[in-house]
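Descriptive analysis of the structure
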Amino acid sequence: MKELTLTNKVQTKDDKEKQSLLANAGEIPEHIAIIMDGNGRWAKKKGSIRLHGHKVGVDSVRDITEACAQLGVKYLTLYAFSTENWGRPTAEVRGLMRLLVASLRKEADNLHENDIKLVTIGQMDRFPADCQDELQEAIDLTAGNNRLQLCLALSYSGRWDITEAVKKIARHVDAGRLDPELINDQMITDHLSTANVPDPDLIIRTSGEYRISNFLLWQLAYSELYITERYWPDFRRDQLYEAIESFQQRDRRFGKIKNGEDENANNSRLHKN
Ligand code: IPE
Ligand code: IPE
Ligand code: MG
């Protein structure tokens, strides 16, 4: 397979080794979702303005995206801007929008060359026209790619996502096309903005906050959570490997019990003996 060049750095031997150890140690999550938090605090700690934190955060996005593609992660969903983030000072919101446009302009070809498909979830129509255009161009350019799907959650919230799904389903009912009794889990899943994407296996949150902040509320039902104290601009591939290592040690039971721990099965064996 073609070498990845997203960070414009040749992958070191040491990094290749770390990745192959990780791949041999257990399962690589198919879908990783990240709440990229702490840019502002990172910048303040350095005596800089919040926007500087967001800028360095883009370098983390590049590094994490490249490492995920190299590891064979199929879906990477990044929480970049929440519905509630519109409530921040106008200057910060504008700065974030400008950064988004500039990053997309710079990275779109790069994503394409690396066979990465860019998609978004969220209320894109709330974004300024130049942002929407830049995003659409990158989405169209990369639409046929399939090494990794990079999804940016922009003006996204879990409650918005569920509300929209409910509206769509209600319209089917209203038009007489759907019996409400037939509404089930799968139908709701299929009407969310993430339809056709498997639920995240691993959700990472940086900056040490133990909350979900309105991210993929429906989709995270059985996701493994990993929270690190690190701020997002300091979260790079070595920290990603630690998160995946932690994931590999989890026992995902999905509400059931572990194989071989069925006491009744043991009992019936005992009775037989
Ligand atoms: C995350 O960093 C980026 C966005 C939410 C856009 P923050 O901007 O929330 O940084 P902190 O959490 O205030 O440090
Ligand atoms: C969550 O971070 C949203 C994003 C990372 C885009 P916030 O900084 O907005 O969340 P709270 O305010 O700490 O819950
Ligand atoms: Mg924050």
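None of the values given here were measured: they were computed from a predicted structure.

What about the environment of Asp15?
By the element assignment, Asp15 lies in helix H1 (residues 13-25). The exposure class assigned to Asp15 is buried, which follows from its relative accessible area of 7%. When the C-alpha atoms of Asp15 and Glu84 are compared, they prove to be 37 Å apart, with 69 residues separating the residues in sequence. What Asp15 contacts, discounting residues up to four positions off in sequence, is Gln70, Arg237 and Tyr241.

Some thoughts on the site of ligand 2
Close to ligand 2 lie Ile35, Met36, Asp37, Tyr79, Ala80, Phe81, Ser82, Asn85, Arg88, Arg205, Arg211 and Ser213. Arg88 places a polar side-chain atom, nitrogen or oxygen, 3.3 Å from an oxygen atom of ligand 2. Considered on its own, ligand 2 offers 390 Å² of accessible surface; in the complex 78% of this is hidden by protein. Per-element tally for the shell around ligand 2: the top contributor is strand S2 (residues 75-82), with four residues. Across the shell around ligand 2, the residue classes tally to five nonpolar, three polar and four charged.

Concerning the site of ligand 1
For ligand 1, the set of nearby residues contains 13 residues, the closest of which are Asp37, Gly40, Arg41, Arg50 and Arg88. Gly40 places a polar main-chain atom, nitrogen or oxygen, 2.9 Å from an oxygen atom of ligand 1. Between ligand 1 and the protein, one listed contact pairs an oxygen atom with a side-chain N or O atom of Arg50 at 2.9 Å. Burial of ligand 1 by the protein amounts to 88% of the accessible area it has alone, namely 380 Å². Listed by contribution, the elements that provide at least two residues to the shell around ligand 1 are helix H2 (39-45), helix H3 (50-71) and helix H4 (90-113).

Observations concerning the pattern of salt bridges
The tally for this structure, following the rule as stated, stands at 21 salt bridges. Salt-bridge contacts for Asp59 lead to Arg62; the nearest nitrogen and oxygen are separated by 2.9 Å. One end of the pair, Asp59, and the other, Arg62, are both in helix H3, three residues apart, so they sit about a helical turn from each other. According to the relative accessible area criterion, Asp59 is partly exposed, its value standing at 33%. Across the pair Glu134 and Arg105 runs a salt bridge whose closest N-O atoms are separated by 2.8 Å. With Glu134 in helix H5 (residues 129-142) and Arg105 in helix H4, the pair connects residues that are 29 residues apart, well separated along the chain.

Cut-offs applied
Residues numbered from 1 in each chain as written. Chains lettered and ligands numbered in written order. Predicted model: local features only at pLDDT ≥ 70, side-chain atom pairs only at ≥ 80, totals over all residues. Heavy atoms only, no water. Helix = DSSP H or I, 4+ residues; strand = E, 2+ residues; numbered from the N terminus. Buried < 20%, exposed > 50% of the residue type's maximum accessible area, 1.4 Å probe, protein only. Contact = heavy atoms within 4.5 Å. Near = heavy atom within 4 Å. Polar contact = N/O pair within 3.5 Å; in protein donor to acceptor, adjacent residues only side chain to side chain. Areas by Shrake-Rupley, 256 points an atom, 1.4 Å probe, with all protein chains shown as cover. Nonpolar A, V, L, I, M, F, W, Y, C, P; charged D, E, K, R; others polar. Salt bridge = Lys/Arg side-chain N within 4 Å of Asp/Glu carboxyl O.

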